[in-house]
Amino acid sequence: MFRSYIALIHHPVMDRTGREVTSSVTSLDMHDLARAARTYGIRGTFVVHPSAVQRRFVAHVTGHFVSGAGRRAHPERGETLDMQLNVVPDLDGAIEAIEAREGEKPLLVGTSAREGDGATGYVEVGALLRGGARPGLILFGTSWGLTPEVMDQLDFRLPPLRGREVSGYNHLSVRAAAAVILDRLFGDREPSRAAAAESFEEGARP
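Q: Explain the packing of helix 1 (residues 27-39) against helix 8 (residues 174-186) to me, please; I cannot follow it from the model alone.
A: Angle between the axes and distance between the axes: these two values describe a pair of packed helices. Two elements in contact, helix 1 and helix 8, have axes separated by 10 Å at closest approach and are oriented at 10°. Put simply, helix 1 runs roughly parallel to helix 8. The residues of helix 8 that touch helix 1, namely those facing L28, D29, D32, L33, A36 and A37, are V174, R175, A178 and L182. Partitioned by chemical class, the residues of the contact of helix 1 with helix 8 number 7 nonpolar, no polar and 3 charged.

Spelled out as structure tokens, the structure:
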């Protein structure tokens with residue numbers, strides 16, 4: 001596994017007007033993010049929410065699969081949630097948990113659907129995180145994204161995801177965006193056509 005973690009931030013995040021808000025937990029997020037994290041070799045998934053009621057909701061939902069009847073029906077899902085999911089009241093709690101495990105604070109990597117100055121490319125950040133010299137924590141904001149306060153704490157900001165700009169539409173769910181970003185940072189890359197052709201030619205030589 002890589003020395004990297006992800007965190008789903010429910011506070012502080014923004015609403016569509018740019019006002020700071022706290023978003024509600026969505027059960028699909030915790031399942032899908034934990035599964036994506038395990039697939040790409042991420043060590044842990046944090047759900048960050050200041051509300052004790054919402055944290056208990058997460059514990060109730062995951063408990064069904066981790067130790068309840070859902071574990072028998074869906075053993076891999078229960079195993080993944082048990083391995084991956086951590087629920088904390090704030091971002092500092094996630095950072096402290098990683099520091100306790102890794103022996104040093106993680107690099108903070110942020111994502112946003114909005115353009116901004118100072119973004120660092122996926123190739124560079126991916127190489128750094130895969131190298132493992134420092135642990136990493138990749139932040140995903142719910143609602144309309146991370147607040148400027150959180151963005152100012154980042155060590156690296158990733159560029160927005162961009163598809164084929166046919167319609168100008170750019171509003172992926174956090175689950176979809178996280179899967180794409182994890183693949184760009186940690187996924188196996190196919191060789192270029194030139195490299196593949198060269199390898200084929202070398203294999204065909206007597």
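Q: Just checking my understanding: could you explain the pattern of salt bridges for this structure?
A: A side chain of one charge can pair with a side chain of the opposite charge if their charged atoms are brought near each other. This structure, assessed with the given rule, holds 8 salt bridges. Residue R35 pairs with D32 through a salt bridge whose shortest N-O separation is 3.5 Å. With R35 and D32 both in helix 1 and 3 residues apart, the pair spans about one turn of that helix. Classification of D32 as partly exposed rests on a relative accessible area of 28%. Residues joined by salt bridges that share partners form a network here, namely R3, R43, E102, E104 and R134.

The rules behind these values
- Along each chain, the written sequence defines residue order, and numbers are assigned to residues from 1.
- The model is predicted, so local features are restricted to residues of pLDDT at least 70 and side-chain atom pairs to those at 80 or more, both for listing and for counting; the totals for chains, interfaces and linings are taken over all residues.
- Think of the side-chain values as coming from all heavy atoms in the structure, minus any hydrogens and water.
- Angles shown run from 0 to 180 degrees and are taken between the N-to-C directions of axes, each axis being a line fitted to C-alpha atoms and, for helices, limited to the stretch in contact.
- By the criteria applied, helices consist of DSSP H or I runs no shorter than four residues and strands consist of E runs no shorter than two, each listed in order from the N terminus.
- Orientation labels follow simple angle bins: below 35 degrees gives roughly parallel, above 145 gives roughly antiparallel, 65 to 115 gives roughly perpendicular, and whatever is left gives oblique.
- The criterion used for residue contact is that any of the two residues' heavy atoms lie within 4.5 Å.
- Each residue gets one label: Ala, Val, Leu, Ile, Met, Phe, Trp, Tyr, Cys and Pro are nonpolar, Asp, Glu, Lys and Arg are charged, and the others, such as Gly, are polar.
- Put simply, a salt bridge is a Lys or Arg side-chain nitrogen that is within 4 Å of an Asp or Glu carboxyl oxygen.
- Only protein chains enter the accessibility calculation, which uses a 1.4 Å probe. A residue is then buried if its area is under 20% of the maximum for its type, exposed if over 50%, and partly exposed in between.

It is worth stressing that arrangement in space is one thing and function is another; only the former is reported here.
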